[in-house]
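Single-letter residue listing:
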Amino acid sequence: QVQLVESGGGLVQAGGSLRLSCAASGRTFSSYGMGWFRQAPGKEREFVATISWSGGSTKYADSVKGRFTISRDNAKNMVYLQMNSLKPEDTAVYYCAADRVEVTTSSTYWGQGTQVTVSS
């Protein structure tokens, strides 16, 4: 079992930065792949970034490549999403997810989400 709690969302102007954090409970956190997903009003939840259990492998959606960076600290049971050069289209609720295999929109464990709003 893994419980996830996101934080760090807020209101930022276009071009600004935010750092999202995801705190995970559970002694086996380091064995889980982790990911960030987002859902804008009226749209389906979409993939943003994932990171392997070791942190050695990362993947990004094309829309955020070069602007967002996912990282993890297994000693602290934390996952982060550094978001730079934010755009109004990045506005969404951002969710942290965990899975023992590939992290997808069908993964088992989810946080409650944190709102990110980017003003133009």
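The text that follows walks through the structure, step by step, so that each part is easy to find. None of the values given here were measured: they were computed from a predicted structure.

What counts and how
Residues numbered from 1 in each chain as written. Predicted model: local features only at pLDDT ≥ 70, side-chain atom pairs only at ≥ 80, totals over all residues. Heavy atoms only, no water. Buried < 20%, exposed > 50% of the residue type's maximum accessible area, 1.4 Å probe, protein only. Helix = DSSP H or I, 4+ residues; strand = E, 2+ residues; numbered from the N terminus. Pairing = 2+ DSSP bridges.

**Concerning the pairing of strand E8 (residues 78-83)**
Counting buried positions over the six residues of E8 gives five, a clear majority of the element. Pairing geometry for strand E3 (residues 18-24) and E8, over six bridges, is antiparallel. Bridging from a neighbouring strand, Cys22 pairs with Val79 of E8. Direction of pairing for strand E7 (residues 68-73) relative to E8: antiparallel, over a ladder of six bridges. When the sheet's bridge partners are listed, Ile70 is paired in E8 with Leu81.

**Structural notes on unusual backbone geometry**
The phi dihedral of Asn77 falls on the positive side, at around 55 degrees, and the residue is not glycine. Relative to the helices and strands, Asn77 resides in the loop between E7 and E8. Not every positive phi belongs to a glycine, and Ser85 is a case in point at roughly 50 degrees. With respect to the helices and strands, Ser85 occurs in the loop between E8 and strand E9 (92-99). A relative accessible area of 41% means that Ser85 is categorised as partly exposed.

Structural measurements only, silent on function.
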